Amino acid sequence: MHQLSGLDQGFLHLETGNSPMHIAGLCFYTPATDSRAFSFEAIRSGIEERLHLARTFRQRLVEVPMSLDRAYWIEDPDFDLDYHLRHVAVPSPGDWRSLVTMASRILSHPLDRSRPLWEFYVIEGLDGIDWLPPGSFATLIKIHHAAIDGVSGNDILFALTDLTPEGRNIEPPRRRWVPERVPTAGSLLLRTALANVVAPFKLVEGGAKLASTVIGTVARLPKYREDPPPAPFQAPRTPLNVPISAQRVWDGTVFPLETVKRIRKAVDGSTVNDVILTVCAGALRRWLDKHHALPEKSLIAFAPISVRAETEKGKLGNQVSGMLVSIATDVADPLARLTAVHDNTVKSKSLTNAIGARTLTDYTKYVPSATAALATRLYTRMKVAESHNPIFNCVITNVPGPQIPLYSLGNKLVAQIGYGPIFDGMGLLLAIFSYDGTISIGVSSCRRIMPDIADFVDFLNLSLEELRVAAEAVLDGAVVDVAPEAAPTKAAPRHKPRHGAEIPPVATVI
């Protein structure tokens, strides 16, 4: 039995009926080339023998009455693997749109807090997706954000997959798994009372650290006086930053990583992440202009940063901080936008490093749990998000995945796309994941904010193509004058998904 961190508890507090706080990954597998046939039973057996490889699988929450303290993880005495595994099929015609609709509905429902906070779906019936060969299937795993972050999610991906089609020998656990008794409310309150004895000393410690950080940051402020990095509540108002609905919408796209690496050469010093931020900014320009809501000021994105050390691998929970980045949605020229994004990320990283990436994560443990719970409930119920400038406009999270192929029971993983939670005042999350020469962008929103999510994915592809053409012109030594784009009033025709296809057309799978 061990207690959640303040950050992990924060994801529990943020969860409401309209805002389930799980993250997810949709993986696509092509069938094995040998005689082994896909079966749900084989997948179930494979997961069962790997349960000990990730603690998330068999640990459930025990919450302190009235949220007086942070919750605890215990080994679930009623663990039932079959509850967590679901076998479903995409309804006819089994095309991409049918899959996206099914996934959106699955992602709309919160996880059951009385059980380990994960669900695993095996999805068949993908015959209408023409970039997948017959016999292909997908898996969708939902895990509460209180249990994992993006990097530890990678650990779970490795636990469920192999490096070769032949698989690997799974070593049995060194110690027998032992379930725990669910503690009584009285014992939890006693723990809380004992913890409160030392709470004032922890508060003094936190205050000293805060004072030191403030003094150090203020000393560095003159460096950023003329052109400071963005601060909270400076983001412009947009249709993305309103109270959300309970119905999730999800979609995404994937394209060759090599294309992104080629583009970044057009601007000295720019990174793969800079290019992806620029592509996302171009899509946001088009989508906001379509809705006659493109602000003159650039949108501000929150970019999570992993602070998980090597010694913390395999641990539950979140080891993540973040930074605010201006993504230059006010710049029409795609290469000028990439230059601006690169400059902005360098500046934001510099300030984040000055403060210390782990600092914000560390301070969450000093916030009283009951106070945090009450504040989040009032924020949602009173629709406070409508009365102030957004803290930031969207989240863009980039998790680097393995650049080697992975397999499950001989079936090759060909692509993965991510999903992340949204909440009142922040109705768009873009999940970036690179894997085996591809890079995907997952789009998570709600039906109230983005009923036209397919249009937004088209705009991502148009933004990438626009940036690619401009970059190729520079790399080939041509003089190019890229006029500001006229954002279309309706979405361009949707290309058929083609995994790994050269551009154009840009792939619109996952």
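Our structure is the block above this text.
Heads up: these notes are all about the structure in this document. Along each chain, numbering runs from 1 in the same order as the chain's sequence is written. Given that the model is predicted, a residue must reach a pLDDT of at least 70 before its local features are reported, and side-chain atom pairs must reach 80 or more before they are shown or counted; all residues, however, enter totals for whole chains, interfaces and linings. Hydrogens and water molecules were not included; the side-chain quantities draw on all heavy atoms of the structure.

1. Some details on the overall build of the chain
Thought 1: Numbering of helices and strands starts at the N terminus; helices are DSSP runs of H or I of at least 4 residues and strands are runs of E of at least 2. Looking only at helices and strands, one finds 12 helices and 15 strands in the chain.
Thought 2: Two residues qualify as a contact provided that any one of their heavy atoms is within 4.5 Å of a heavy atom in the partner residue. Long-range contacts, defined here as pairs at least 24 residues apart, represent 81% of the contacts in the chain between residues at least 6 apart.
Thought 3: Throughout, the Shrake-Rupley method with a 1.4 Å probe supplies accessible areas, and for residues the shown protein chains are the sole cover considered. Taken as a whole, the chain presents about 22700 Å² of accessible surface, with 57% of it coming from carbon and sulfur.

2. Topic: the sheet that holds strand S1 (residues 2-3)
Thought 1: Taken together, three strands build an open sheet; the order of strands is S1-S4-S3 and the sheet is antiparallel. Sheet topology places S1 and strand S3 (59-62) at the edges, where each strand pairs with a single neighbour.
Thought 2: A pair of strands is treated as paired once DSSP finds two or more bridges between them. Across four bridges, S3 lies against strand S4 (residues 72-75) in antiparallel orientation. Bridge pairing links Arg 60 to Ile 74 in S4.

3. Some points on the packing of helix H7 (residues 257-264) against helix H8 (residues 272-290)
Thought 1: Geometry is summarised by axes, namely lines fitted to C-alpha atoms with helices restricted to the contacting stretch, and by angles between N-to-C directions that run from 0 to 180 degrees. Following both chains from N to C, one finds H7 and H8 inclined at 95 degrees, their axes separated by 9 Å at the closest point. As judged from the angle between their axes, H7 and H8 are roughly perpendicular. On H8, the residues that touch Leu 257, Val 260, Lys 261, Ile 263 and Arg 264 of H7 are Val 272, Val 275 and Ile 276.
Thought 2: Under the scheme applied here, ten amino acids are nonpolar (Ala, Val, Leu, Ile, Met, Phe, Trp, Tyr, Cys and Pro), four are charged (Asp, Glu, Lys and Arg), and all others, including Gly, are polar. A breakdown of the residues in the contact of H7 with H8 according to their chemical character gives six nonpolar, no polar and two charged. Should an angle fall under 35 degrees it is called roughly parallel, over 145 degrees roughly antiparallel, and 65 to 115 degrees roughly perpendicular, with every other angle called oblique.

4. Re the environment of Tyr 72
Thought 1: Following the sequence through the fold, Tyr 72 ends up in strand S4.
Thought 2: To sort residues, take the accessible area from a 1.4 Å probe on protein chains only and compare it with the maximum for the residue type: under 20% means buried, over 50% means exposed, and anything in between is partly exposed. A relative accessible area of 5% means that Tyr 72 is categorised as buried.
Thought 3: For the pair Tyr 72 and Leu 4, spaced 68 residues apart in sequence, the C-alpha to C-alpha distance is 5.7 Å.
Thought 4: In contact with Tyr 72, other than residues within four places in its own chain, are Met 1, His 2, Gln 3, Leu 4, Arg 60, Leu 61, Val 62, Val 64, Leu 188 and Arg 191.

5. Some points on the pattern of salt bridges
Pairing is possible between side chains that carry opposite charge, provided their charged atoms lie close to one another.
Thought 1: Any carboxyl oxygen of Asp or Glu within 4 Å of a side-chain nitrogen of Lys or Arg constitutes a salt bridge here. Per the stated rule, a full pass over the model turns up 16 salt bridges.
Thought 2: Its salt-bridge partner being Lys 142, residue Glu 119 comes within 3.5 Å of it at the nearest N-O pair. Taken together, the residues Glu 119 in strand S6 (residues 118-124) and Lys 142 in strand S7 (residues 137-144) connect sequence positions 23 residues apart. For the residue pair Glu 119 and Lys 142, the accessibility class agrees, reading buried in each case.

6. Here's the deal with unusual backbone geometry
Working note: non-glycine residues mostly have negative phi, and peptide bonds are mostly trans.
Thought 1: In this model, Ser 92 is joined to Pro 93 through a cis peptide bond whose omega is 10 degrees.
Thought 2: As for its placement among the helices and strands, Pro 93 is situated in the loop between strand S5 (85-89) and helix H4 (96-108).
Thought 3: Non-glycine residue Asp 436 carries a positive phi angle of around 45 degrees.
Thought 4: For Asp 436, the position within the fold is in the loop between strand S14 (429-435) and strand S15 (438-446).
Thought 5: Using a relative accessible area of 27% as the deciding quantity, one classes Asp 436 as partly exposed.

7. Side note on the pairing of strand S13 (residues 411-419)
Thought 1: Burial runs high along S13: eight of the nine residues are buried.
Thought 2: With two bridges connecting them, strand S12 (residues 407-408) and S13 associate as antiparallel partners. Within the sheet, the bridge partner assigned to Tyr 407 lies in S13 and is Lys 412.
Thought 3: Taking the residues between adjacent antiparallel strands as the criterion, S12 and S13 are bridged by two residues, where Leu 409 takes a positive phi near 55 degrees.

8. Looking at the packing of H8 against helix H12 (residues 453-475)
Thought 1: Running from N to C, H8 and H12 point in directions that differ by 125 degrees, and their axes come no closer than 8 Å. Judged on the interaxial angle alone, H12 and H8 are oblique. Regarding H8 and H12, the two cross each other, and that crossing is right-handed. Side by side, H8 and H12 meet where Val 275, Thr 278, Val 279, Cys 280, Gly 282, Ala 283, Leu 284, Arg 286, Trp 287 and Lys 290 of the first sit next to Asp 455, Phe 456, Phe 459, Leu 460, Leu 462, Ser 463, Leu 464, Glu 466 and Leu 467 of the second. A crossing counts as left-handed when the near helix is turned anticlockwise from the far one by less than a right angle, and as right-handed when that turn is clockwise.

9. Topic: the sheet that holds S7
Thought 1: If you trace the six strands from one edge of the open sheet to the other, you get S5-S6-S7-S2-S13-S12, paired in mixed fashion. Each end of this open sheet is capped by a strand with a single partner; those strands are S5 and S12.
Thought 2: Against the sheet, helix H2 (residues 40-48) contacts S5, S6 and S7, and its axis sits at roughly 155 degrees relative to S5.
Thought 3: Across the face of the sheet, H4 comes into contact with strand S2 (22-30), S5, S6, S7 and S13 while running at roughly 150 degrees to S2.

10. So, the packing of aromatic side chains
Thought 1: By convention, a stacked pair of Phe, Tyr or Trp rings (six-membered ring in the case of Trp) has centres within 6.5 Å and planes under 30 degrees apart, an edge-to-face pair has planes over 60 apart, and any other such pair is tilted. Evaluated as defined, the whole model comprises seven aromatic pairs.
Thought 2: Between Phe 79 and Trp 177, the ring centres sit 6.5 Å apart and the planes meet at 70 degrees, which makes this aromatic pair edge-to-face. With a gap of 98 residues between them, Phe 79 in the loop between S4 and helix H3 (81-84) and Trp 177 in the loop between helix H5 (150-160) and helix H6 (185-220) connect regions that are remote in the sequence.
Thought 3: Ring-pair connections join several aromatic residues into one group, and the members of that group are Phe 28, Trp 96, Trp 131 and Trp 250.
Thought 4: When the ring centre of Tyr 83 is taken as origin, the NZ or CZ atom of Arg 86, which lies over that ring, is 5.0 Å away.
Thought 5: Placement of a charge over a ring requires the Lys NZ or Arg CZ to be within 6 Å of the ring centre, with the centre-to-atom vector within 35 degrees of the ring normal. For Arg 115, the ring lying beneath its charged end belongs to Tyr 83, and the centroid distance is 3.9 Å.

11. Describing H7
Thought 1: By the burial criterion, the buried members of H7 are Leu 257, Thr 259, Val 260 and Ile 263. Angular distribution of buried residues about the axis of H7 spans 160 degrees; they occupy a single face of the element. To be clear, the arc concerns the directions from the helix axis to the C-beta atoms.

12. Focus: the side chain of Ser 408
Thought 1: Within the fold, Ser 408 resides in strand S12.
Thought 2: Setting aside residues up to four positions removed in sequence, Ser 408 forms contacts with Tyr 29 and Leu 160.

13. Examining the pairing of S6
Thought 1: A large share of S6 lies buried, amounting to six of its seven residues.
Thought 2: Each parallel crossover has a hand, and for S5 linked through H4 to S6 it is right-handed.
Thought 3: Where S6 and S7 come together, six bridges link them in antiparallel fashion. Among the inter-strand pairings, Val 122 is bridged to a residue of S7, identified as Thr 139. Look down the strands so they point away from you; if the path from the first strand over the helix to the second goes clockwise, the crossover is right-handed.

Don't take any of this as a statement about function, it's just geometry.
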